[in-house]
Amino acid sequence: MIMNVLVTLNSTYIYPLKVMLKSLFLNNQEDYFDIYIMHSRLKKEEILDIEEFVQKHGSKVIEIKIEEEHFANAPLILNYPKEMYYRLLAFRFLPNLDRILYLDPDILVINSVRELYQLDMDGYLYAAANRNSLSTTTVNKIRLKPYNIECYYNSGVLLMNLELQRKYIIEQEIYDFVKKYQWKLVLPDQDIINALYAKLIKSLDEMVYNYDVRKYKSYKYSSKGACNMDYVINQTVFLHFCGKKKPWKSNYQGYFHALYKHYEKLTFHQTPIVS
């Protein structure tokens, strides 16, 4: 099966991107991927390097370069560049696909993505994991008034229904929202998705499809011990290294650091074998 995967990045995230892709390829060996790289500033040699890496694993890169004039009139927030709009408006620049799986580069894929990719998306713009803690939901309900959100979804893993997005999402509506509420936005693109489209998001189990590695004890406690390390290794699809501390940095500490280092070693110190 061929699946579409979208990533958006600049040069600083090429290293973790390769680790994420290596984990995707290793744990989905019966499938192939068209990897759409959406960017505005990657160098030609950087794209060629990523292409070579992906081709060695039997998949393909499609470059989507966003030219400088795009989003020229889009409102920006503090230190967030125009790239914050890429995943929101990706449907404008992608070819005529029906769906695509967006993944942040700070992710490990440790099981098959096929079941998620084949999910029934009828009537939904996105499928995403609900950050299902009372504190997270309550804070964001208050922060994103008057939109009356019932859940708060993480945008690091998004299955996108591109056909419906082309019909439903209005670019100017996003810009108007940012201009009006920019003082409230903490994670702008994620906040926009939740405020404007939460009722059209299909909810996924975060312990399976967007496991926040900082919350190992919390997940284990809330599941009464069921979500232990065995569960994660056998059932979780995406481990997400959320937050400012990243596992490819020398000062990182966390439950899944050793697992990340394992995939890092496979990525950069082992020649891939493609049948």
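Going by the structure above, here's the rest.
In what follows, the accompanying structure is described. (Residues numbered from 1 in each chain as written. Predicted model: local features only at pLDDT ≥ 70, side-chain atom pairs only at ≥ 80, totals over all residues. Heavy atoms only, no water.)

### Notes on the sheet that holds strand β5 (residues 107–109)
- Sheet architecture is open: three strands sit in the order β5-β10-β9, paired in mixed fashion. Looking at strand neighbours, the two that pair on one side only are β5 and β9 (211–212), the edges of this open sheet.
- Across three bridges, β5 lies against strand β10 (residues 238–240) in antiparallel orientation. When the bridges of β10 are listed, Val109 appears paired with Phe238. (Pairing = 2+ DSSP bridges. Helix = DSSP H or I, 4+ residues; strand = E, 2+ residues; numbered from the N terminus.)

### A few points about a nonpolar patch on the surface
- A grouping of Tyr80, Val186 and Leu187 is seen on the molecular surface, where their side chains present a nonpolar patch of about 250 Å² in accessible area.
- Residue placement: Val186 occurs in the loop between α6 (171–181) and α7 (188–197). (Patch = residues over 30% accessible without salt bridge, like charges linked within 9 Å, V, L, I, M, F, W, Y side chains within 5 Å. Areas by Shrake-Rupley, 256 points an atom, 1.4 Å probe, with all protein chains shown as cover. Salt bridge = Lys/Arg side-chain N within 4 Å of Asp/Glu carboxyl O.)

### Describing the packing of aromatic side chains
- Summed over the entire model, instances satisfying the criterion amount to 18 aromatic pairs.
- Measuring from centroid to centroid gives 5.2 Å for Tyr85 and Tyr175, while their planes differ by 85°, and the two rings are edge-to-face. Taken together, the residues Tyr85 in the loop between β3 (60–65) and β4 (99–103) and Tyr175 in helix α6 connect sequence positions 90 residues apart. In this structure, Tyr85 and Tyr175 share a single accessibility class: buried. (Phe/Tyr/Trp six-rings, centres within 6.5 Å; stacked < 30°, edge-to-face > 60°. Buried < 20%, exposed > 50% of the residue type's maximum accessible area, 1.4 Å probe, protein only.)

### Details of the nonpolar core
- Tyr85 and Ile174 are the most contacted members of the largest nonpolar core, which has 44 residues in total.
- Those elements giving two or more residues to this core turn out to be β2 (32–39), β4, β6 (126–130), β7 (153–161), α6 and α7.
- Beyond its immediate stretch of four places on either side in the chain, Ile174 contacts Tyr85, Leu88, Leu89, Ile169, Ile192, Leu196 and Tyr197.
- If you look at the next biggest cluster of nonpolar residues, it comprises 36 residues, including Ile47, Val54, Met121 and Ala129. (Core = buried A, V, L, I, M, F, W, Y, C linked by side-chain atoms within 4.5 Å. Contact = heavy atoms within 4.5 Å.)

### Side note on the packing of helix α1 (residues 14–26) against helix α2 (residues 44–55)
- Across the interface, α1 lies against α2 with an axial gap of 11 Å and an inter-helix angle of 15°. As judged from the angle between their axes, α1 and α2 are roughly parallel. For the element pair α1 and α2, the recorded crossing hand is right-handed. Each of Ile14, Leu17, Lys18, Leu21, Lys22 and Phe25 in α1 lies in contact with α2, whose residues at this interface are Glu46, Asp49, Ile50, Phe53 and Val54. (Axes fitted to C-alpha atoms, helices over the stretch in contact; angles between N-to-C directions. Parallel < 35°, antiparallel > 145°, perpendicular 65-115°, else oblique. Left-handed = near helix turned anticlockwise from the far one by under 90°.)

### Concerning the pattern of salt bridges
- Counted by the stated rule, this structure contains 11 salt bridges.
- Across the pair Asp106 and Lys246 runs a salt bridge, and its minimum N-O distance is 2.5 Å. In this pair, Asp106 sits in the loop between β4 and β5 while Lys246 sits in the loop between β10 and α11 (257–268), placing the two residues 140 residues apart along the sequence.
- Judged by relative accessible area, which is 6%, Asp106 ranks as buried.

### Some words on α7
- With 10 of 10 residues buried, α7 is to be regarded as a mostly interior element.
- If you check which residues of α7 are buried, you get Pro188, Asp189, Gln190, Asp191, Ile192, Ile193, Asn194, Ala195, Leu196 and Tyr197.

### Quick word on unusual backbone geometry
- Although it is not a glycine, Phe71 adopts a positive phi angle of roughly 65°.
- Of note, Lys224 is a non-glycine position whose phi angle comes to about 55°, a positive value.

### Points about the packing of α6 against α7
- Contact geometry of α6 with α7 gives a least axis separation of 11 Å together with a crossing angle of 110°. The angle between α6 and α7 places the two elements in the roughly perpendicular class. Residues Glu173, Ile174, Phe177 and Val178 of α6 form the contact with α7, whose participating residues are Ile192, Ala195, Leu196 and Tyr197.
- Residue composition of the contact of α6 with α7, grouped by class: seven nonpolar, no polar and one charged. (Nonpolar A, V, L, I, M, F, W, Y, C, P; charged D, E, K, R; others polar.)

### As for α1
- The end-to-end C-alpha separation of α1 is 18 Å, in line with the 18 Å expected for 13 residues at 1.5 Å each.
- Most of α1 sits out of view: 11 of its 13 residues are buried.
- Residues of α1 that are buried include every one of Ile14, Pro16, Leu17, Lys18, Val19, Met20, Leu21, Lys22, Ser23, Leu24 and Phe25, and no others.
- Looking at the buried residues of α1, the elements they touch are β1 (2–8), β2, α2, β4, β5 and α11. (Expected span 1.5 Å × (residues − 1).)

### What to know about the environment of Lys22
- Within the secondary structure, Lys22 sits in helix α1.
- Residue classification places Lys22 among the buried positions, given a relative accessible area of 2%.
- Sequence separation of Lys22 and Leu76 is 54 residues, and the distance between their C-alpha atoms is 33 Å.

### Some points on the sheet that holds β2
- Overall, mixed pairing links the seven strands, which are arranged β3-β2-β1-β4-β7-β6-β8 in an open sheet. Where the open sheet ends on each side, the last strands, each with one partner, are β3 and β8 (201–204). Taken over all neighbouring pairs, the strand axes of this sheet differ in orientation by 30° on average, direction set aside.
- Direction of pairing for β1 relative to β2: parallel, over a ladder of seven bridges. Bridge pairing links Met3 to Phe33 in β2.
- The sheet strands contacting α7 are β6, β7 and β8, and the helix crosses β7 at an angle near 65°.

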